[in-house]
Amino acid sequence: MIKIHLSRIMGEKRVNIAELSRMTGLHRNGITKLYNEETDGVKFDTLDKICKALDCHVQDVIEYVENDTD
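Residues numbered from 1 in each chain as written. Predicted model: local features only at pLDDT ≥ 70, side-chain atom pairs only at ≥ 80, totals over all residues. Heavy atoms only, no water.

1. Some thoughts on the UniProt feature "domain: HTH cro/C1-type" (unreviewed entry) in the protein chain
The cut-off we apply is this: UniProt positions are given in the numbering used here, feature names are shortened, and annotations may be inferred rather than shown by experiment. For the purposes of this entry, the term helix denotes a DSSP run of H or I that reaches at least four residues, the term strand denotes a run of E that reaches at least two, and both are numbered from the N terminus.
Sites flagged by UniProt as "domain: HTH cro/C1-type" (unreviewed entry) map to residues 6-61. Within the segment residues 6-61, helix and strand shares are 70% and 0% respectively, and the terminal C-alpha atoms sit 6 Å apart.

2. What to know about the pattern of salt bridges
Rules: By convention in these notes, a salt bridge is any Lys or Arg side-chain nitrogen within 4 Å of a carboxyl oxygen on Asp or Glu. Relative accessibility thresholds used throughout: buried, under 20% of the residue-type maximum; exposed, over 50%; partly exposed, between the two (1.4 Å probe, protein chains only).
This model, assessed by the stated rule, comprises four salt bridges. A salt bridge links R8 to E12; the nearest nitrogen and oxygen atoms lie 3.2 Å apart. In this pair, R8 and E12 are both assigned in helix α1 (residues 6-13), four residues apart and thus about one turn of the helix distant. With a relative accessible area of 55%, E12 lands in the exposed category. Between D45 and K49 there is a salt bridge; the shortest N-O distance is 3.4 Å. With D45 and K49 both in helix α4 (residues 44-54), this residue pair falls four residues apart, about one helical turn. Classification of D45 as partly exposed rests on a relative accessible area of 45%. The exposure class assigned to K49 is partly exposed, which follows from its relative accessible area of 30%.

What follows is the structure in structure tokens.
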């Protein structure tokens, strides 16, 4: 399974959804879905903008975690 750590990173950097939206040009609704891990996919361009704005790496934002149920 894929885990999204956007909420943690944003908390550490004290950036809220509205600020990240302004910094990246991304729509608030899309950021909110990522923040709440309610998305089933993310574009590379979106990850690029988020990583640049938050000064982080892709692996800081998304992580593969093996499912115990498989």
